[in-house]
Amino acid sequence: MDAVEQVQVLILICLAIALSLRSWPVVAFLVPVVLIELATAPLSAHMVGREAYRNGTIDETGLYVDEFADSKRTPPAAGG
């Protein structure tokens, strides 16, 4: 299951909870949960993908363009 499917499942679960309980306080609680998930899911997926690339655990034959070819070395701020 990728990040998009996880977000969609979370939205559907929150929608099901809101419809089954039919309470405005529950909706008020679930709306920020969904919004925070929508805001953070792309960032976390990007960070996981970039770290996988740096570690060499990604299949580089499937890349069309290697935009990070120069960034495989340890960044200066990492102390390495």
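Caption draft 1: Fine view of a nonpolar patch on the surface. On the surface, a nonpolar cluster with roughly 320 Å² of combined accessible area is contributed by V9, I13, I17 and L21. Residue classification places V9 among the partly exposed residues on the basis of a relative accessible area of 35%.

Caption draft 2: Here's a closer look at the layout of surface pockets. Space inside the largest pocket adds up to approximately 170 Å³. Lining the largest pocket are A45, H46, G49, R50, Y53, I58, L63, V65, D66, E67 and F68. Class assignment for the residues of the lining of the largest pocket results in six nonpolar, two polar and three charged.

Caption draft 3: Quick peek at helix 2 (residues 24–55). Its 32 residues place the ends of helix 2 46 Å apart at the C-alpha level, agreeing with the 46 Å of an ideal helix rising 1.5 Å per residue. At T40, helix 2 shows its largest bend, some 30°, and a proline, P42, comes one to four positions later. The positive-phi residue at the C-terminal boundary of helix 2 is G56, with phi of around 85°.

Reading the values: the criteria
Residues numbered from 1 in each chain as written. Predicted model: local features only at pLDDT ≥ 70, side-chain atom pairs only at ≥ 80, totals over all residues. Heavy atoms only, no water. Patch = residues over 30% accessible without salt bridge, like charges linked within 9 Å, V, L, I, M, F, W, Y side chains within 5 Å. Areas by Shrake-Rupley, 256 points an atom, 1.4 Å probe, with all protein chains shown as cover. Salt bridge = Lys/Arg side-chain N within 4 Å of Asp/Glu carboxyl O. Buried < 20%, exposed > 50% of the residue type's maximum accessible area, 1.4 Å probe, protein only. 1 Å grid on protein atoms, 1.4 Å probe; cavity = no way out; pocket = protein on both sides within 12 Å on 5 of 7 lines; lining within 4 Å. Points joined across faces, edges and corners; volume = space filled by probe spheres on them. Nonpolar A, V, L, I, M, F, W, Y, C, P; charged D, E, K, R; others polar. Helix = DSSP H or I, 4+ residues; strand = E, 2+ residues; numbered from the N terminus. Expected span 1.5 Å × (residues − 1). Bend = angle between axes of the 7 residues up to and from the residue.

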